[in-house]
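# Structural overview for review
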Amino acid sequence: MTVRAAVAGASGYAGGELLRLLLTHPEVEIGALTGDSNAGRRLGALQPHLLPLADRVLSETTADVLAAHDVVFLALPHGRSAAVAEQLGPDVLVVDMGADFRLKDAADWERFYGSPHAGTWPYGLPELPGARAALEGSKRIAVPGCYPTAVSLALYPAYAAGLAGTEAVIVAASGTSGAGRTPKPHLLGSEVMGSMSPYGVGGVHRHTPEMIQNLSAAAGEPVTVSFTPTLAPMPRGILATCSATAREGVTAESLRAAYEKAFADEPFVHLLPEGQWPATASVHGSNAVQVQVTHDAAANRIIAISAIDNLTKGTAGGAVQSMNLALGLPEELGLSTIGVAP
Ligand SMILES: NC(=O)C1=CN([C@@H]2O[C@H](COP(=O)(O)OP(=O)(O)OC[C@H]3O[C@@H](n4cnc5c(N)ncnc54)[C@H](OP(=O)(O)O)[C@@H]3O)[C@@H](O)[C@H]2O)C=CC1
Ligand SMILES: CC(=O)N[C@@H](CCC(=O)OP(=O)(O)O)C(=O)O
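Residues numbered from 1 in each chain as written. Chains lettered and ligands numbered in written order. Predicted model: local features only at pLDDT ≥ 70, side-chain atom pairs only at ≥ 80, totals over all residues. Heavy atoms only, no water.

### Considerations on the overall build of the protein chain
Scanning the protein chain from terminus to terminus reveals eleven helices and 13 strands. In the protein chain, which comprises 342 residues, the share counted as buried stands at 55%. Of the contacts formed within the protein chain by residues at least 6 apart in sequence, a portion of 69% connects residues at least 24 apart. As presented, the protein chain carries roughly 14100 Å² of accessible surface, and 54% of it is formed by carbon and sulfur atoms. (Helix = DSSP H or I, 4+ residues; strand = E, 2+ residues; numbered from the N terminus. Buried < 20%, exposed > 50% of the residue type's maximum accessible area, 1.4 Å probe, protein only. Contact = heavy atoms within 4.5 Å. Areas by Shrake-Rupley, 256 points an atom, 1.4 Å probe, with all protein chains shown as cover.)

The structure is reproduced here in structure tokens:
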């Protein structure tokens, strides 16, 4: 089976990472590439690391250009996907890497994104309970946000096994590519290098309701999330440090057993050996997720830490993994767990 794939947002970071993966996917042929301000430019001038596509010229992002493909990936800013998606036919597989179709609760969407809710699509985090069944054969996929990917994978086994209290506290560090390619003063090298800084503090970050949605579903009861993101002086990577009160009787051993069971058959999620902790450098450019968990007995808290590459498992790799499931291809096709180090 060869599928023809179009990529909208090919000049951005998420679109560039997606193309890097699609170039080595054995069943994908790369079709139309589109941009906005960069329409008309050669991809080689914008994504020089994608040598085989250097002479491709970006088109305008219109439904006409994107239609007539088997798969359309939308790597566009929030709120831009829905208008394009609604013009694409029901037979086209549409994979939205933005947020437009992630949230189930319309009120949450309106509160955090400030626009009318477009709808909800099957959620592209296959590792969550029940997610694979919803993705298989689907023609619409909502790829998760990068922080919710890291946090949900770190904590869902503890919630699914009934081991964690319902108030999760998360501090996560992200590399600057998480903020996209549009220039902003706080992303200047001189602002970021040699410094770490929090942002979106106090329950206002738009990924908070997405984490609540995932963890509450795993727990079977409402979970609250206190989420503090921080910007780290590195181009890629997320390290999510997550904690919750341990329910009575929880030990490091019972936690480990729950996580071993949850991840036993997962091709991309790796519970590290005891005593070894996740590091962003270990998953650079790979679709792997590193997780470690323990019980802080003195504070009676579960501590779960994950590392992902925000551009790979955090968006483009998750999109390809979900596409594979939707098309009935092997889930791991075109994806690697091999990183780049040092
Ligand atoms: N970066 C990350 O780690 C992650 C990103 N995502 C999501 O992926 C999507 C893209 O993010 P990212 O690549 O980081 O962002 P970038 O800013 O790097 O890229 C944005 C892309 O969208 C295009 N674009 C901008 N405005 C419009 C518009 N009005 N209509 C059509 N196209 C437009 C840009 O085109 P041009 O350059 O030609 O103007 C560019 O190709 C976002 O929804 C983001 O939330 C999800 C998870 C992680
Ligand atoms: C460092 C940084 O700024 N990160 C982005 C997360 C981007 C992302 O993954 O997610 P979306 O698809 O929801 O935009 C942020 O905090 O807004």
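### Side note on the nonpolar core
Of all hydrophobic cores here, the largest spans 44 residues; its most connected members are Leu-155, Tyr-159, Ile-170 and Tyr-259. The element best represented in this core is helix α7 (residues 146–160), accounting for ten residues. Each of domain 1 (3–144 + 313–327) and domain 2 (147–310) gives at least three residues to this core. In this structure Tyr-259 touches Ala-154, Leu-155, Pro-157, Ala-158, Leu-271, Val-291, Val-293 and Ala-304, once residues within four positions along its chain are discounted. Core analysis: the second largest hydrophobic core is formed by 35 residues, Ala-5, Met-97, Ala-316 and Ala-319 among them. (Core = buried A, V, L, I, M, F, W, Y, C linked by side-chain atoms within 4.5 Å. Domains from an automatic or database assignment.)

### Observations concerning the layout of surface pockets
Here the second largest pocket is characterised by a volume of approximately 280 Å³. Taken together, 15 residues line the second largest pocket, and the ones lying closest to its centre are Lys-104, Tyr-123, Leu-128, Pro-129 and Asn-214. Counting residues per element, the ones that place at least two in the lining of the second largest pocket are α6 (131–135) and α9 (208–219). Of the residues contributing to the lining of the second largest pocket, the split by class is nine nonpolar, four polar and two charged. When we break the lining of the second largest pocket down by domain, the ones giving at least three residues each are domain 1 (3–144 + 313–327) and domain 2 (147–310). (1 Å grid on protein atoms, 1.4 Å probe; cavity = no way out; pocket = protein on both sides within 12 Å on 5 of 7 lines; lining within 4 Å. Points joined across faces, edges and corners; volume = space filled by probe spheres on them. Nonpolar A, V, L, I, M, F, W, Y, C, P; charged D, E, K, R; others polar.)

### Examining the domain arrangement of the protein chain
What the domain assignment reports for the protein chain is domain 1 (3–144 + 313–327) and domain 2 (147–310). Computed over C-alpha atoms only, the centres of domain 1 and domain 2 are separated by 24 Å. In this assembly, 27 residues from domain 1 lie in contact with 30 residues from domain 2. Overall, the association of domain 1 and domain 2 removes approximately 2400 Å² of surface from exposure, summing both partners, and the carbon and sulfur fraction of that is 54%. For the domain 1 face of the interface with domain 2, the top three residues by lost area are Tyr-13, Phe-112 and Lys-313, together amounting to 28%. (Buried area = accessible area lost by both parts, 1.4 Å probe.)

### Some words on the UniProt feature "domain: Semialdehyde dehydrogenase NAD-binding" (unreviewed entry) in the protein chain
Under the UniProt annotation, "domain: Semialdehyde dehydrogenase NAD-binding" (unreviewed entry) lies at residues 4–136. From the first C-alpha to the last, residues 4–136 spans 19 Å; its make-up is 27% helix and 17% strand. (UniProt positions renumbered as here; feature names shortened; annotations may be inferred.)

### What to know about the site of ligand 2
Close to ligand 2 lie 14 residues; Cys-146, Tyr-199, His-205, Arg-206 and His-207 are nearest. A distance of 2.6 Å is found between an oxygen atom of ligand 2 and a side-chain nitrogen or oxygen belonging to Tyr-199. Here the shell around ligand 2 is built from residues that sort into six nonpolar, six polar and two charged. Mapping the shell around ligand 2 onto the domain boundaries places at least three of its residues in each of domain 1 (3–144 + 313–327) and domain 2 (147–310). (Near = heavy atom within 4 Å. Polar contact = N/O pair within 3.5 Å; in protein donor to acceptor, adjacent residues only side chain to side chain.)

### Let's talk about helix α1 (residues 13–22)
Within α1, seven of the ten residues are buried, leaving the element largely enclosed by the surrounding structure. Listing the buried residues of α1 in full gives Gly-15, Gly-16, Glu-17, Leu-18, Leu-19, Leu-21 and Leu-22. At its buried positions, α1 is contacted by β1 (3–8), β2 (28–35), α2 (43–46), β4 (71–74) and α11 (312–327).

### What about the environment of Gly-202?
When you line up the elements, Gly-202 lands in the loop between β8 (197–198) and α9. Residue classification places Gly-202 among the exposed positions, given a relative accessible area of 65%. For the pair Gly-202 and Leu-93, spaced 109 residues apart in sequence, the C-alpha separation works out to 37 Å.

### Quick word on the packing of aromatic side chains
Under the defined criterion, the tally for this structure stands at five aromatic pairs. Measuring from ring centre to ring centre gives 5.0 Å for Tyr-147 and Phe-227, while their planes differ by 65°; the resulting arrangement is edge-to-face. Highlighted residues: Tyr-147 in helix α7 and Phe-227 in strand β9 (residues 224–231), separated in sequence by 80 residues. Comparing Tyr-147 with Phe-227 shows no difference in burial state: the two are buried. Centroid distance Tyr-156 to Phe-263: 6.1 Å. Interplanar angle 75°. Geometry classified as edge-to-face. Here the residue Tyr-156 occupies a position in helix α7, and Phe-263 occupies one in helix α10 (residues 252–263), the gap between them amounting to 107 residues. On the basis of relative accessible area, Tyr-156 is assigned to the buried category, the value being 5%. Each member of the aromatic cluster is reached from another via a ring pair, and the members are Tyr-156, Tyr-259 and Phe-263. (Phe/Tyr/Trp six-rings, centres within 6.5 Å; stacked < 30°, edge-to-face > 60°.)

### A few points about the pattern of salt bridges
Under the defined criterion, the tally for this structure stands at 13 salt bridges. Note that Glu-127 and Lys-313 form a salt bridge whose closest N and O atoms lie 3.0 Å from each other. Residue Glu-127 is located in the loop between α5 (106–113) and α6, and its partner Lys-313 is located in helix α11; the two are separated by 186 residues in the primary sequence. Residue Lys-313 is classed as buried on the basis of its relative accessible area of 2%. With a shortest N-O distance of 2.7 Å, Arg-132 and Glu-266 are connected by a salt bridge. With Arg-132 in helix α6 and Glu-266 in the loop between α10 and β11 (269–271), this pair connects stretches of sequence that are 134 residues apart. (Salt bridge = Lys/Arg side-chain N within 4 Å of Asp/Glu carboxyl O.)

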